[in-house]
Amino acid sequence: MSDDDFPITVFHNPACGTSRNAVAMIEAAGHEPKIVEYLRAGWTHDQLRDLAREAGLTFRALMREKGTPAEALGLLADDVSEDRILDAMVEHPILVNRPIVVTPKGVKLCRPSEVVLDLLERRPERFTKEDGEVVKL
């Protein structure tokens, strides 16, 4: 099966170890993913709506708090609407947690990075994360 028959897109932040590990696992399995550096590319409302729906996540569940302006923007209160969170994510792409991986098997927020294995057609024979942790396959 060629990668054209099993396309993989990773919404990736190269500064994130979890995201780098997910990409490395995909590549170790022999796939060549399409990498979207979303901090550069940005998001659209429709794109995030589709990804969240397909992943079965609310925008609140998709929101990253650590290292983002989420608290300063007042997004952490329980009464903040999904629409407000979505608007903030489009304005501040860093608010979207990563990596989000899209394959013919589905869409998932791959935290921890091993979650990506559920989305692959084939798995790597072995994999060791950047921090030395050996992933049980």
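Up top is the structure these notes are about.
Rules of the game
- Residues numbered from 1 in each chain as written.
- Predicted model: local features only at pLDDT ≥ 70, side-chain atom pairs only at ≥ 80, totals over all residues.
- Heavy atoms only, no water.
- Pairing = 2+ DSSP bridges.
- Helix = DSSP H or I, 4+ residues; strand = E, 2+ residues; numbered from the N terminus.
- Right-handed = clockwise from strand over helix to strand, strands pointing away.
- Contact = heavy atoms within 4.5 Å.
- Buried < 20%, exposed > 50% of the residue type's maximum accessible area, 1.4 Å probe, protein only.
- Arc of directions from axis to C-beta.
- Phe/Tyr/Trp six-rings, centres within 6.5 Å; stacked < 30°, edge-to-face > 60°.

A few points about the pairing of strand E2 (residues 34-37)
The two faces of a sheet get side chains in turn, since along a regular strand they alternate between them. Two elements, strand E1 (residues 9-12) and E2, share four bridges in a ladder whose sense is parallel. Bridging from a neighbouring strand, Phe11 pairs with Val36 of E2. In this fold, E1 hands off to helix H1 (residues 17-28), which returns the chain to E2; that crossover is right-handed.

Focus on the environment of Val115
Residue position: Val115 is located in the loop between strand E4 (106-109) and strand E5 (127-128). When the C-alpha atoms of Val115 and Leu51 are compared, they prove to be 16 Å apart, with 64 residues separating the residues in sequence. Setting aside residues up to four positions removed in sequence, Val115 forms contacts with Lys108, Leu109 and Cys110.

Quick look at helix H3 (residues 45-55)
When H3 is considered as a whole, its buried residues turn out to be Leu48, Leu51 and Ala52. Across the axial projection of H3, the buried residues extend over an arc of 95 degrees, all falling on one side. Structural note: H3 exposes Asp46 and Arg53 on the side pointing more than 90 degrees away from its buried face. If you follow the buried residues of H3, they end up packed against E1, helix H4 (59-62), helix H5 (82-91), strand E3 (100-103) and E4. Positioned one or two residues after H3, Gly56 has a phi angle of 70 degrees, which is positive.

Focus: H5
Of the residues making up H5, those classed as buried are Ile85, Leu86, Ala88 and Met89. In an axial view of H5, the angular spread of the buried residues amounts to 165 degrees, which keeps them on one side of the axis. Among the exposed residues of H5, those pointing more than 90 degrees away from its buried face are Asp83 and Glu91. Looking at the buried positions of H5, the neighbouring elements they touch are H3 and H4.

Considering the packing of aromatic side chains
Enumeration according to the criterion identifies two aromatic pairs in this entry. Summarising the aromatic geometry, the rings of Phe11 and Trp43 are spaced 5.2 Å apart at their centres and angled 35 degrees between planes, so their arrangement reads as tilted. Placement of Phe11 in strand E1 and of Trp43 in the loop between helix H2 (38-41) and H3 is noted, with a sequence separation of 32 residues between them. Residue Trp43 is classed as buried on the basis of its relative accessible area, which comes to 6%. When the ring of Tyr38 is compared with that of Trp43, the centres are 5.0 Å apart and the planes differ by 35 degrees; the resulting orientation is tilted. Aromatic rings pair up to connect Phe11, Tyr38 and Trp43 into one cluster.

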